[in-house]
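Commentary on secondary and tertiary structure
Letter by letter, the chains look like this.
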Amino acid sequence: EDQVTQSPEALRLQEGESSSLNCSYTVSGLRGLFWYRQDPGKGPEFLFTLYSAGEEKEKERLKATLTKKESFLHITAPKPEDSATYLCAVQLRPGYSGGGADGLTFGKGTHLIIQP
Amino acid sequence: EPEVTQTPSHQVTQMGQEVILRCVPISNHLYFYWYRQILGQKVEFLVSFYNNEISEKSEIFDDQFSVERPDGSNFTLKIRSTKLEDSAMYFCASSGGRGDNQPQHFGDGTRLSIL
C-alpha cells in the first residue's frame, strides 16, 4: 500500500499566485519527513526536514508544516524559477515494520509550473 | 557548496552485461545510499552503506546488485547481469549521520539504458 501520497500530481499557477502542496503519510514510527525539489534531469535537492507535529520550517518563498497525518508545502508569491517537481519522503524509526531506519520512502511528487 | 558527484551521466549497456556506476560522496559524510527512479515512477531506496558494510537494503537489491567503497572517496554500485527492467536513473546520496539534522544529499544521477 502507498505510504506517502502527494497531491495534486500537477499544478499550474500564475506568477505571484500562492498555493499549497500536500503530502499525506500512513506510517507508524515516523522519524522524519523530508521535502526535496527535483529539476528535470537532476537529482533531488534537499529543502526541509520536519520531525514532530506542529513543526514549521521556512526558506525564501517556501514554508513546510507537519501534522500527525500530513505535511504541507506552502509556496508564497511563486516565481517561474520555482517550477520543479516537489518530492516528499518519510524515514521510519528503527524497528518499525515496512521500512528501516536508513532508506527514504518517497511519494510520486507534485509537478509545479509557474507561468510568468 | 560540497556536492555528490556521479559518473557517467549516461550509461548504455547490452542486456546481460555487468555495469558499474560510480559516486563520490560529500567528503566528510559517513553514510552512503543508492536509489533508483524508473521513468515516470517514484524514487526507490536500494541500499545504505556504513563502516564498509551494508546497513540496510530493500527487496529490489537482490543478488545481482553489490556495493563497494574501493577507496576513501568512491562508492560504487555494480549490477552483475543487467536486465531490461534495470533501465532507470540511479541516484547516489550521502549523509553525515543517521540522526536528526543529517539529511541525505543526492547527486544528479546516472541514466542507465539497457538494450
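All of the points below concern the structure found in this document. The numbers attached to residues start from 1 for each chain and follow its sequence in the written order. Ligands are numbered from 1 and chains lettered from A, in the order in which they are written. For a predicted model such as this one, the threshold for reporting local features is a pLDDT of at least 70, and the threshold for listing and counting side-chain atom pairs is 80 or more; totals across whole chains, interfaces and linings nevertheless cover every residue. Side-chain figures throughout are based on the complete set of non-hydrogen atoms in the structure, without hydrogens or water.

1. What to know about the state of the cysteines
Residue and element names in this part refer to chain A. Two cysteine sulfur atoms make up a disulfide if the distance between them is within 2.5 Å. Enumeration according to the criterion identifies two disulfides over all chains in this entry. Covalent S-S linkage joins C23 and C88, the inter-sulfur distance amounting to 1.9 Å. Every disulfide takes its handedness from the sign of the S-S torsion; for C23 and C88 that torsion is -60°, giving left-handed. Pair noted here: C23 is in strand β3 (residues 19-25) and C88 is in strand β9 (residues 84-92), with a separation of 65 residues, a long-range link. Secondary structure elements follow DSSP: runs of H or I no shorter than four residues count as helices, runs of E no shorter than two count as strands, and numbering proceeds from the N terminus.

2. Observations concerning the packing of aromatic side chains
The relation between two aromatic rings is expressed through the spacing of the ring centres and the mutual angle of the planes. Residue and element names in this part refer to chain B. Within 6.5 Å between ring centres, the rings of Phe, Tyr and Trp (the latter by its six-membered ring) count as paired, and their orientation is classed by plane angle as stacked under 30 degrees, edge-to-face over 60, tilted in between. The full count for this structure, using the stated rule, is 12 aromatic pairs over all chains. When the ring of F49 is compared with that of F75, the centres are 5.3 Å apart and the planes differ by 40°; the resulting orientation is tilted. Here F49 is found in strand β5 (residues 43-50), whereas its partner F75 is found in strand β8 (residues 75-79), with 26 residues between them in sequence. When sorted by exposure, F49 lands in the same class as F75, which is buried. Remark: exposure states derive from per-residue accessible area (1.4 Å probe, protein chains only) relative to the maximum for the residue type, with buried under 20%, exposed over 50%, and partly exposed in between.

3. Some thoughts on the sheet that holds strand β1 (residues 5-7) of chain B
All names here are of chain B. Here four strands make up an open sheet; going across it, the order is β1-β3-β8-β7 and the pairing antiparallel. Each of the sheet's edge strands pairs with one partner strand only, and the pair in question is β1 and β7 (65-68). Pairs of neighbouring strands in the sheet enclose a mean axial angle of 20°, with direction left out of account. Note that β1 and strand β3 (residues 19-24) share three bridges and pair antiparallel. Along β3, the bridge assignment pairs T5 with V24. When DSSP finds two or more bridges between a pair of strands, those strands are recorded as paired. Between the N-to-C directions of two axes lies an angle of 0 to 180 degrees, each axis being a line fitted to C-alpha atoms and, for a helix, fitted only over the stretch in contact.

4. Structural notes on the sheet that holds strand β6 (residues 56-59) of chain A
All names here are of chain A. With antiparallel pairing, the five strands of this open sheet are ordered in space as β1-β3-β8-β7-β6. A single partner strand is all that each edge strand has here, and the edge strands are β1 (4-7) and β6. Averaged over all adjacent pairs, the angle separating strand axes in this sheet is 15°, with direction ignored. When β6 meets strand β7 (residues 62-66), the two strands line up antiparallel, connected through four bridges. Across the sheet, residue K57 finds its bridge partner in β7, namely A64.

5. What about the pairing of strand β11 (residues 110-114) of chain B?
Residues and elements named next belong to chain B. Counting buried residues in β11 gives four out of five residues, a clear majority hidden from the surface. Pairing analysis gives four bridges linking strand β2 (residues 10-13) to β11, with the strands arranged parallel. The partner of H10 across the bridge, within β11, is R111. Two elements, strand β9 (residues 88-95) and β11, share three bridges in a ladder whose sense is antiparallel. Residue pairing across strands places M89 opposite R111, the latter belonging to β11.

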